[in-house]
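What follows is each chain in one-letter form.
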Amino acid sequence: PMDQQTARKSLKIWTDATLLLYVGGMDEYHDLDPVIEALPAIRQPPVELHVVGDGEYRARCEEKAARVGLSARFYGHVDHSLVPRYISAADLCIAPYRTSACHNGILPFSTLKIPEYMACGRAVASVPSGPIERLIEDGVSGFLFPKQVSAWTAFLKTLPSREKLGQMGAAAAQGLDSVSWEKTA
């Protein structure tokens, strides 16, 4: 974990808005569409979406954000050594898995992005599926809800304060005690 203001300053992120961050591939298993569609309806508190990563769906996501009038920042690929800085700049990290791309609609693999978010002391929003349900304690270390525009809109309308998200991030970091490569294997 890094100090949030130091991380934002080093990345030249000059905002006091609640910063949602996605880090990862932009492909059929990760679906940013619902959050992109929901965010323009939220005026207070101010919320920004920042995306670190690349992939075949990046152009589509950028076009959709522009079309709905969302001010989002797409950084593309960044060196992995900088990823903890981006995560530390965030208030809430998202893991928007598209479970419909998985057999039986259940995420079958062990996600690395969620433990990385949590290790940096950030709360996580994701879908209640597969191993994610063991990683995130809903309402304590993050949030679990369906990957739908209506669910994202309802969530964003009741988004906790940045201070509360910080407290949840501290709980997320403590929740990693039971996560290891040995247990995953």
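Now for a look at the structure at hand.

Rules behind the numbers
Residues numbered from 1 in each chain as written. Predicted model: local features only at pLDDT ≥ 70, side-chain atom pairs only at ≥ 80, totals over all residues. Heavy atoms only, no water. Pairing = 2+ DSSP bridges. Helix = DSSP H or I, 4+ residues; strand = E, 2+ residues; numbered from the N terminus. Axes fitted to C-alpha atoms, helices over the stretch in contact; angles between N-to-C directions. 1 Å grid on protein atoms, 1.4 Å probe; cavity = no way out; pocket = protein on both sides within 12 Å on 5 of 7 lines; lining within 4 Å. Points joined across faces, edges and corners; volume = space filled by probe spheres on them. Nonpolar A, V, L, I, M, F, W, Y, C, P; charged D, E, K, R; others polar. Phe/Tyr/Trp six-rings, centres within 6.5 Å; stacked < 30°, edge-to-face > 60°. Buried < 20%, exposed > 50% of the residue type's maximum accessible area, 1.4 Å probe, protein only.

1. Overview of the sheet that holds strand S4 (residues 92-95)
Then step 1. The strand order S3-S2-S1-S4-S5-S6 describes an open sheet built from six strands, whose pairing is parallel. Edge positions in the sheet fall to strand S3 (72-76) and strand S6 (142-144), since each of these pairs with one other strand and no more. Going across the sheet, the axis of each strand differs from the next one's by a mean of 20°, ignoring polarity.
Then step 2. Summarising the sheet, S4 and strand S5 (residues 123-126) pair through four bridges and their orientation is parallel. Counted as the bridge partner of Ala 95 is Ser 126 from S5.

2. Side note on the layout of surface pockets
Then step 1. Computed from the structure, the second largest pocket encloses a volume of approximately 150 Å³.
Then step 2. Classifying every residue of the lining of the second largest pocket gives six nonpolar, two polar and two charged.

3. Quick look at the packing of aromatic side chains
Then step 1. Counted under the stated rule, the structure contains five aromatic pairs.
Then step 2. Aromatic pair Phe 143 and Phe 155: ring centres 4.7 Å apart, planes at 55°, arrangement tilted. Here Phe 155 lies in helix H7 (residues 149-157) and Phe 143 lies in strand S6, a separation of twelve residues in the sequence. No difference in accessibility class separates Phe 143 from Phe 155, as the two residues are buried.

4. What about empty space enclosed by the protein?
Then step 1. Taken as a whole and judged by the stated rule, the model has one cavity of 30 Å³ or more.
Then step 2. The volume enclosed by the largest cavity comes to roughly 50 Å³.
Then step 3. Lining the largest cavity are Ile 94, Ala 95, Pro 96, Ala 125, Ser 126, Val 127, Phe 145, Pro 146, Lys 147 and Trp 152.
Then step 4. Broken down by secondary-structure element, the contributors of at least two residues to the lining of the largest cavity are S4 and S5.
Then step 5. Of the residues belonging to the lining of the largest cavity, the class tally is eight nonpolar, one polar and one charged.

5. Here's the deal with the pairing of S4
Each regular strand carries side chains that alternate between the two faces of the sheet.
Then step 1. The alternating pattern of S4 places Leu 92 and Ile 94 and Cys 93 and Ala 95 on opposite faces, both of which are buried.
Then step 2. Where strand S1 (residues 18-23) lies against S4, two bridges are found, and the strand directions are parallel. Across the sheet, Leu 21 pairs through a bridge with Cys 93, a residue of S4.

6. Digging into the pairing of S5
Then step 1. The alternating pattern of S5 places Ala 123 and Ala 125 on one face and Val 124 and Ser 126 on the opposite face, and all of these are buried.
Then step 2. Bridging between S5 and S6 involves three bridges; their strand directions are parallel. Residue pairing for S6: Ser 126 is matched across the bridge by Leu 144.

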